[in-house]
Every structure is written in C-alpha cells, then in structure tokens.
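What follows is each chain in one-letter form.
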Amino acid sequence: MTLPIPPERGVPDRLSRWQAVRVTDLPLHLPGYEHIYSGKVRDLYAPVDDDGALVPDQLLLVASNRLSAYDWMMSPEIPDKGAVLTRLSLWWFDQLSDLVPNHVVSTDVPAAVAGRAVLVRKLDMLKVEAIARAYLTGGGLEEYRAAGSVSGVVLPERLVDGSRLPEPVFTPTTKAPVGEHDLPMTYAEVEAELGADVAAEVSRLTRAILARGNEIAAERGILIADTKVEFGVSPDGSGGLVLADEVLTPDSSRFWPADLWEPGHPQPSYDKQFVRDWLTSPESGWSKTSGEAPPELPAHVVEQTRAKYVEAYERLTGETF
Ligand code: PZK
C-alpha cells in the first residue's frame, strides 16, 4: 500500500513523488526523540530532555531499510539494510580515525531502531557535497568525454567507462533539496563557499578517505568507484573538520565487484544489480521511461539484495553480520 507522507510530520513535500514509500516508513515515535527530517533513505531525530526541551548538541541518525533504483523508492524494503549500513559505517569510522575525527557519540539508541541508529554530535554542516572519484563513470565520465578533465583536473587520454584514475579526484557538488539532483561545483566555487583553507582540507580529506577505503576494500574483492562524504564543524568554532553522516557504504558510494571489473562498459553494481536487472527484464513488465511507479519487488530479488549488503559487510570487515 502506498500513501503520501503528511507534510505536517516534517517530511518535505517532494517526497510525495516517491510513489512506493510505504505507511510503515512514517517517522517513528521514538521515546525521548522528535522527528526533524527525512532524506531518501535516512531519518534524523533530535533528542529531547526530561522537560521536553530539544537537546541542542546531538542528533539521532537512523538508517532505514529503504532502497531507491532509477530514482524510485522500491517496495518492499530490504530487511536489515539499515543495520548493515550502520555497522559498516561505524567500522569505517574506526578505519579512518587516524585521518579525521567523526561525529559518533553513542550506539545506545531506542529499541525500535537498535542497530540502525547512531547518536551523533550536532555540527554545522558544510554546504558542499564532498565527492571523490577513483574510477571513471557516471557524471565524471560525461565530463571527461566532453572536456578531457573532471572538476578541472586534466586526465590521461583514452580513458573509458570504469577506468581507474591515476589517483582519486575531488569532484564536489552542491547540496540540492530532497528530490532534486546535485550540480557539479568548480573548485573555485568551493573556495568561495568555504574559504581556501577549508576547501583544500575538504579536498585532501575526501581523497584520502577514498584512497584508504580502496586500499582496504581491494584486498577484499570490492572496488569503490567513488564516494560522497559530509563534513561539519563544531558550532563553537573549535577544532577542525569532523566527518559526519555515513561513510563508505553502498548508499554513499559506488561499490563494484572486483572480479567483474572490466573497463569499457558500465560496471555491475555490487548491491543494486539484482534490482536493476529485474526491473529492466520482461518479468517486471516495467519500463524505466514510462513515468509509472515500478512494481513491487519479488521476494527472491529482495532476498538476493539483502544478501549482497550482508556479503559486502562481511567481506570488508571480516566479521559475521
Ligand atoms: C546532518 N544530514 C543529512 C542524514 C537525513 C539527512 N552530525 C550532524 N550534525 C548536523 N547535521 C547533520 C549531521 C549528520 N550526519 C546530516 N543532514 C543534517 C541527513 C540523515 C537523514 F534526512
């Protein structure tokens, strides 16, 4: 069953175009928390104290089980997706802790979201999507074909879809409102927004995070083509950049199976390939250009997709989910 989300519950109007967001995705009533915002796949809550006042310096970041493909929200949800991605993100924060501090405060969260929520430090978020690319595809490939460069960085000739770049390139974008697409930013625009010193640090850290991610993931059969990270700074102005949000998950990054990597054509997605293959197959009866909401995913596609998230977690961390 699909219903629009009542705007009075704090979800942006544009969410109404997500035809398959289900009744069960309405913001939860979490004791001690107030829902403040929902993105496509995550929800933000603010803790409230015993007097009902908002706690000013913390947020609860909840990862849902929602999955999007071809710009549509799928139904049903993917069981355990939020928990797998939350645990993966927490593991990466540890792997990256010598490069950059992070916003994590505690994993002691309400029972209703146990395992898929993190209490975090409320930061002043930078108004830039910090993206780095280690392999060429998507928007970066289009820019390379048109200009021979990405975000102003001149690249070698004859690169193709899926080529590994000599080193990660910083390709920042704007933060568009939910339901709209982010737009590329030039490095000069990032400097104008953040100042030259912060811009240089955001670029350096974003590329270092992706480089470290790939050093670790490549040994474990996964390539991380590109990633989006978010930084904030302490509202009191103390300290440097803090890594926020989720990090190096399949939702924030393109994960590719290393054994199938073959530059020259679009690479299969580690996590979404079963969904995309089924949606574009005759069995689904759906056309991505129809403008119609996609049909419900069959149980076998949901289960294969869940298994890919668990597999990515287990391969990367070496731990059992
Ligand atoms: C913050 N987002 C994105 C995430 C959504 C939207 N530590 C922080 N401090 C202040 N703000 C944020 C964070 C973090 N992380 C993150 N928006 C604001 C986002 C999850 C769900 F709806």
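Quick notes on the rules
Residues numbered from 1 in each chain as written. Predicted model: local features only at pLDDT ≥ 70, side-chain atom pairs only at ≥ 80, totals over all residues. Heavy atoms only, no water. Helix = DSSP H or I, 4+ residues; strand = E, 2+ residues; numbered from the N terminus. Rg over C-alpha atoms; globule rule 2.2 N^0.38 Å. Buried < 20%, exposed > 50% of the residue type's maximum accessible area, 1.4 Å probe, protein only. Contact = heavy atoms within 4.5 Å. Areas by Shrake-Rupley, 256 points an atom, 1.4 Å probe, with all protein chains shown as cover. Lys, Arg positive; Asp, Glu negative; His and termini not counted. Charge placed at Lys NZ, Arg CZ, Asp CG, Glu CD. pLDDT = per-residue confidence, 0-100. Pairing = 2+ DSSP bridges. Core = buried A, V, L, I, M, F, W, Y, C linked by side-chain atoms within 4.5 Å. Salt bridge = Lys/Arg side-chain N within 4 Å of Asp/Glu carboxyl O. Polar contact = N/O pair within 3.5 Å; in protein donor to acceptor, adjacent residues only side chain to side chain.

Enquirer: I'd like to hear about the overall build of the chain, residue by residue, with values.
Expert: Check the secondary structure of the chain and you find six helices and 15 strands. Compactness check: the chain gives a C-alpha radius of gyration of 20 Å against a globular reference of 20 Å for 321 residues, within 12% of the reference. Taking the principal axes of its C-alpha atoms as reference, the chain extends roughly 60 × 55 × 40 Å. In the chain, which comprises 321 residues, the proportion classed as buried is 48%. Look at the contacts in the chain between residues 6 or more apart in sequence, and 62% of them connect residues 24 or more apart. Of the roughly 15,100 Å² of accessible surface on the chain, a fraction of 51% belongs to carbon and sulfur atoms. The chain carries 30 positive and 48 negative side-chain charges, and their two centres are separated by 3 Å.

Enquirer: Account for the confidence of the model for the chain, with residues named and values stated.
Expert: Mean pLDDT for the chain: 92, with 92% of residues reaching 70 or above. Contacts of residues 1-24 to residues separated by more than four positions or lying in other chains number 48 contacts, the stretch itself having pLDDT below 50.

Enquirer: Describe the pairing of strand S13 (residues 222-233), naming the residues involved and giving the relevant values.
Expert: Most of S13 is tucked away, with ten of its twelve residues classed as buried. Here two bridges tie strand S8 (residues 124-125) to S13, and the two strands are oriented antiparallel to one another. By the bridge assignment for S13, Asp124 is matched with Val233. The pairing of strand S9 (residues 130-135) with S13 spans four bridges and is classified as antiparallel. Among the inter-strand pairings, Ala132 is bridged to a residue of S13, identified as Thr227. Judged from the four bridges that link them, S13 and strand S15 (residues 253-257) form a sheet pairing that is antiparallel. Bridged to Leu223 within S15 is Trp256. In this structure, S13 lies alongside strand S14 (residues 242-244), joined through three bridges in antiparallel fashion. Of the residues in S14, the one forming a bridge with Phe231 is Leu243.

Enquirer: Before we move on, can you summarise the nonpolar core with the specific residues and values?
Expert: Counting residues in each nonpolar core, the largest one holds 55 residues, and the members touching the most others are Trp92, Ile209, Phe231, Leu243 and Val247. Within the residue set of this core, elements represented by two or more residues are helix H1 (81-95), S9, helix H3 (187-194), helix H4 (196-218), S13, S15, helix H5 (273-279) and helix H6 (299-317). Beyond its immediate stretch of four places on either side in the chain, Val247 contacts Ser89, Trp92, Phe93, Leu96, Ile209, Val229 and Ser252. Grouped together as the second largest cluster of nonpolar side chains are nine residues, Leu30, Tyr33, Val109 and Leu119 included.

Enquirer: Please provide a residue-by-residue account of the pattern of salt bridges, values included.
Expert: Scanning all chains against the criterion turns up 15 salt bridges. With a shortest N-O distance of 3.8 Å, Glu157 and Arg158 are connected by a salt bridge. Residues Glu157 and Arg158 agree in their burial class; the two are exposed. For Lys175, the salt bridge goes to Glu230, with nearest N and O atoms at 2.7 Å. Linking Lys175 in the loop between strand S12 (164-170) and H3 with Glu230 in strand S13, this pair joins segments that are 55 residues apart in sequence. Residue classification places Lys175 among the partly exposed positions, given a relative accessible area of 32%. Take Glu230: its relative accessible area is 10%, and that puts it in the buried class.

Enquirer: Please provide a residue-by-residue account of the environment of Leu183, values included.
Expert: As for its placement among the helices and strands, Leu183 is situated in the loop between S12 and H3. Residues contacting Leu183, with those up to four places away along its chain left out, are Pro172, Thr173 and Thr174.

Enquirer: Let's hear about the side chain of Thr317: which residues, and what values?
Expert: When you line up the elements, Thr317 lands in helix H6. Note on Thr317: relative accessible area 11%, which makes it buried. Among the polar contacts made by the side chain of Thr317, one reaches the main-chain carbonyl oxygen of Tyr313 at a distance of 2.7 Å. Within the structure, Thr317 has its side chain in polar contact with the backbone nitrogen of Glu319 (distance 3.0 Å). Setting aside residues no more than four positions away along its own chain, Thr317 makes contact with Leu88, Trp91 and Arg220.

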